[in-house]
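# Structure at a glance
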Amino acid sequence: MLKNVAVLLLDEVHPFELGVLCEVFGLDRSEEGLPVHDFAVVSAQGPVLQTHAGFTISTPYGLDRLEEADLVAVPASSHVADREYPEEALSALRRAVERGARVLSVCSGAYVLGAAGLLDGRRCTTHWRHAAELARRYPKAIVEPDVLYVDEGPVITSAGTAAGIDACLHLVRQEYGQDAANTIARRMVVPPHRDGGQAQYISRPLPRNACDTVGSTLAWMEHHLDQEMSVEQLAALAHMSPRTFARRFQQETGTTPYRWLLRQRVLLAQHLLETSDRTVDTIAGQTGFGTAATLRHQFVRTLGTTPNAYRRTFRGPAGTVPDVA
């Protein structure tokens, strides 16, 4: 049973991510029948820490407080990609896992777990803006940039900011059951479980690729997403054989023509769902998916959510329109 929770702070900690951990694990909700945790905020770098918002946080607890924790949580902090972490803190994290405690990171807190070696050979995630650098810096980690959180017990990692809430509620659900997670979620006025993953929040504007030999073909594809196109047709536009075109395309874009085209169509559908009142059926036609059913299938497969759910997320309930014209 999860009884003792310690939050490990580094200088320039992010207050929101710290607040999430305090809200879920640090409040006394015994009047609602929920367990009370022995909760402490621990400094890895002295009794007074600077936040990235410009104010300071003080705590009487040092790293020795981690030795008794059932859960050690690490919120985000600034300059994660180019800072060194105190070895004493990393050793404390490793000892926590060795004795059976769990560790949980929120957003870029995953870098601290990576520096401790706790992501090696494990699936993990972080904010999509940091995912590529996390994978580069810790090549033994299996980084999944499109999910809200990953539970690779005893290590739990979560994506950006509010995804920490999802990870914390997941842990509460595991420890105390669905009713406890629902009660905390209601108090926080958040859903107890969110569909999909952070893929739907990733900002990927329609690219203008600077490719040596297929750049003009990419531009044509980008402006004709509503049309059917084959490798043979695209190769003819590029004045290449289909085999040469496919090879050059892979070399210059890192993917196949089909996958590139599918991703651009989904991106365009996202843009239209966010910025227009067109029906899902109309958007399906304009993006080359043909039917609303096909668009829904590819949306769920790529983003883990439906077109109308995506529209509600980014435009609110008033933005929902029928699936067909």
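Residues numbered from 1 in each chain as written. Predicted model: local features only at pLDDT ≥ 70, side-chain atom pairs only at ≥ 80, totals over all residues. Heavy atoms only, no water.

The chain has the name Helix-turn-helix domain-containing protein in an unreviewed UniProt entry, where Streptomyces microflavus is given as its organism.

Our focus in this paragraph is the packing of aromatic side chains. Counting across every chain of the model gives four aromatic pairs. Ring centres of Tyr111 and Tyr138 lie 6.2 Å apart, and the angle between their planes is 70°; on these two criteria the pair is classed as edge-to-face. Residue Tyr111 is located in helix α3 (residues 110-115), and its partner Tyr138 is located in the loop between α4 (131-137) and β8 (142-143); the two are separated by 27 residues in the primary sequence. The class for Tyr138 is buried, based on a relative accessible area of 9%. Judged by centre distance (6.2 Å) and plane angle (85°), the ring pair of Phe249 and Trp260 falls under edge-to-face. With Phe249 in helix α9 (residues 242-253) and Trp260 in helix α10 (residues 257-275), this pair connects stretches of sequence that are eleven residues apart. Residue Trp260 is classed as buried on the basis of its relative accessible area of 6%. Connected via pairs of aromatic rings, a cluster forms that spans Phe245, Phe249 and Trp260. Residue placement shows Arg65 over the ring face of Tyr61; its charged tip is 6.0 Å from the ring centre. (Phe/Tyr/Trp six-rings, centres within 6.5 Å; stacked < 30°, edge-to-face > 60°. Helix = DSSP H or I, 4+ residues; strand = E, 2+ residues; numbered from the N terminus. Buried < 20%, exposed > 50% of the residue type's maximum accessible area, 1.4 Å probe, protein only. Lys NZ or Arg CZ within 6 Å of the ring centre and 35° of its normal.)

Further remarks concern the state of the cysteines. For the structure on display, the rule yields zero disulfides. No disulfide involves Cys107; its sulfur sits 13 Å from that of Cys168, the nearest cysteine. In this structure Cys124 is a free cysteine whose sulfur lies 13 Å from that of Cys107, the closest cysteine sulfur available. (Disulfide = S-S within 2.5 Å.)

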